[in-house]
Amino acid sequence: MAELYHLGIPTSAVPRFAVLLDPLLPSDPVVTAIKGKPLASRREYVSHSGGWNGHEVLVITVGIGAPPLAIAVEELTRSGIRAFVLLGTGAFNDDVRSPWLLPHGAARSDGTSAQYAPLQFPALPDPVLRARLASATGGAASYGVVETVDVLEGCPMSPGLAAARDLRCAALFVAAAARGVHAAALLVDPNGDEAVDGVVRHQVVGDMAVAAYRSLTSIEIGESRAHD
Amino acid sequence: MSPSPSLVGCRYALLPGDPGRVARLLDHLEGAVVIQPAPPFVEAMGYLDGTPVVVAATGMGGPSVAVIVNRLAERGVDTFLRVGGAGPVAPDVAASEIIVASGAVRHEGASAHAAPPAWPAVADPAVVDAILTAASAEGRSVRCGVLHTKDSFFGEVDPASSPIEDELRSAWRSWQRLGVLASEMEASVLFCLSSRHGWRAGAVIKVNAIGDHDGAAWTDDEDLCRLAVGGMAELIKADRG
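Residues numbered from 1 in each chain as written. Chains lettered and ligands numbered in written order. Predicted model: local features only at pLDDT ≥ 70, side-chain atom pairs only at ≥ 80, totals over all residues.

1. Comments concerning the pairing of strand β1 (residues 12-16) of chain B
Residues and elements named next belong to chain B. With five of its five residues buried, β1 lies for the most part within the structure. Here β1 shows a buried face lined by Tyr12, Leu14 and Pro16 and a second buried face lined by Ala13 and Leu15. Bridge count for β1 against strand β4 (residues 51-56) is three bridges, and the pairing is parallel. Its bridge partner being in β4, Tyr12 is matched across the sheet by Val53. (Buried ≥ 20, exposed ≤ 12 C-beta atoms within 10 Å, placed from the backbone. Helix = DSSP H or I, 4+ residues; strand = E, 2+ residues; numbered from the N terminus. Pairing = 2+ DSSP bridges.)

2. Here we look at unusual backbone geometry
Residue Pro39(B) is joined to Pro40(B) through a cis peptide bond whose omega torsion reads 10°. Within the secondary structure, Pro40(B) sits in the loop between β2 (30-36) and β3 (43-48). Look at Asn53(A): it is not a glycine, yet its phi comes out positive at around 55°. You can see Asn53(A) is positioned in the loop between β3 (45-52) and β4 (55-61).

3. Quick notes on the interface of chain A and chain B
The partner chain B presents 25 residues to the 26 residues of chain A that form the contact. Secondary structure elements with two or more residues in the side of chain A that touches chain B: β7 (100-109), α3 (127-136), β8 (141-149) and α4 (169-179) of chain A. If you tally residues by element for the side of chain A that touches chain B, the top one is β7(A), at six residues. The residue inventory of the side of chain A that touches chain B, partitioned by class, reads 17 nonpolar, six polar and three charged. (Contact = placed C-beta atoms within 7 Å. Nonpolar A, V, L, I, M, F, W, Y, C, P; charged D, E, K, R; others polar.)

4. Observations concerning the confidence of the model for chain B
Across chain B, the average pLDDT comes to 93, with 94% of residues at or above 70. Scored by ipTM, the complex comes to 0.89, with pTM at 0.93. (pLDDT = per-residue confidence, 0-100.)

5. Points about the packing of helix α3 (residues 125-137) of chain B against helix α7 (residues 222-240) of chain B
All names here are of chain B. Viewed as axis vectors pointing N to C, α3 and α7 meet at an angle of 120°, and their least axial separation amounts to 8 Å. By the criterion of interaxial angle, the relationship of α3 to α7 is oblique. Judged by the sense of rotation from one axis to the other, the crossing of α3 with α7 is right-handed. Residues Ala126, Val127, Ala130, Ile131, Thr133, Ala134 and Ala135 of α3 form the contact with α7, whose own contacting residues are Leu227, Gly230, Gly231, Glu234, Leu235 and Ala238. Residue composition of the contact of α3 with α7, grouped by class: nine nonpolar, three polar and one charged. (Axes fitted to C-alpha atoms, helices over the stretch in contact; angles between N-to-C directions. Parallel < 35°, antiparallel > 145°, perpendicular 65-115°, else oblique. Left-handed = near helix turned anticlockwise from the far one by under 90°.)

6. Here's the deal with the sheet that holds strand β5 (residues 83-89) of chain A
In a beta sheet, neighbouring strands are held together by backbone hydrogen bonds and run either parallel or antiparallel to one another. Residues and elements named next belong to chain A. Judged by pairing direction, the sheet is mixed, and its 10 strands sit side by side in the order β2-β3-β4-β1-β5-β10-β7-β8-β9-β6 without closing on themselves. Here the strands that pair on one side only, and so sit at the sheet edges, are β2 (37-42) and β6 (91-92). Examined bridge by bridge, strand β1 (residues 17-21) and β5 share five bridges and lie parallel to one another. Looking at the pairing, Ala18 lines up with Phe84 of β5. The strands touched by helix α5 (residues 202-216) within the sheet are β1, β3, β4, β5, β7 and β10 (182-188), with β5 carrying the most contacts at an inclination of about 160°.

7. What to know about the packing of helix α2 (residues 66-78) of chain A against α4(A)
Relative placement of two packed helices is described by the angle separating their axes and the distance separating the axes. All names here are of chain A. Interaxial distance between α2 and α4 falls to 10 Å at its minimum, and their mutual angle equals 25°. By the criterion of interaxial angle, the relationship of α2 to α4 is roughly parallel. The hand of the α2/α4 crossing is right-handed. Where α2 abuts α4, its residues Ala66, Leu69, Ala70, Val73 and Thr77 lie against Ala171, Leu172, Ala175, Ala176 and Arg179. Residue composition of the contact of α2 with α4, by class: eight nonpolar, one polar and one charged.

Written out as structure tokens, the structure reads:
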């Protein structure tokens, strides 16, 4: 049976919707919400598949940083995934008052997105999926531009300009644009009020997962440009 | 230009590039008053359900739009909607289509003065969603996606005449493969300035017939102006809660 090279998932088992999961977040509530069954476990990628409202959905942990995320997006897009929601973590600025941040853009201080597009191209979520995700969070998320970096310990690009820093969003948005698929993200701060000792509470992650599944399965899926 | 006291309390602006479009936007507002009648930088004001809205022509290009929006912001405006024209980039975009910008490619110089190169030129989601709501309410089909903002109009329409022809064509193919919808000359500058200063901005454009794309050239921008004003009305409504 053919398997995705890095992900180890049988190509025949890839549906149209995927949740990309930051390994810092507990996976149990995300998997449980879709009554997920183990699909594969290879390298840093742990995959489950389940159902939401009659739609088959994949959940996969994506490792640390943009490079392994891009590998996952590429292999999944080539096998049939048409829409992604990243459930991720970020270091929020103090002035972010909401529990979650819904990036409406990402500053491209990462290396991966530059290997897809000139820096002038904006890293943006799909506008429809972004709006559906906002509705699905019921007001628990605020919009903001996140700065995607490769090393969190470095200096922020321009103090006060971005609402948070993360390791993935810019690469996800630009890779999705290059492949003509839908993508959006929902972030939580593991050092904020939603977490205890750096671990985001299961209830919070479960609520994030529900918002992701609702929005993903509500959009009309276009054709991808994966084989341009 | 001295500050106009008549803009006091006005936080919303409609920004056509072409001064000729100011009057056509004003047709959709109540109690229109012309503040600056002489081209190029025609400025006027009207009301939407009692809320004042300024209509100001920006002229063409990043440098010009930067001057105009900075002057408006000095007078209290913090919400900007560009209402303009653009040429098609994506092969399946047809003339006369209306596009709501989610963001824009920064293929210009002025936005570098507002934000570092890695920053995305992005429209404010509240502005985007207000225009999409207005379009949906009038049954108008629009697309929402990324625009391309450039400084050289003729680099787009006549790359063969340019000393950097290969570079222009190569970049253009990249924008197409990244799903960019249409090309114009102001949006990314407006968006980056708005990020820098904490303003809200959006853009709604109508696609011109440029190059070998299908569809006739349009001269009627009535649908564009109606949708822009309808979008602004939705935003004002949302702001009131």
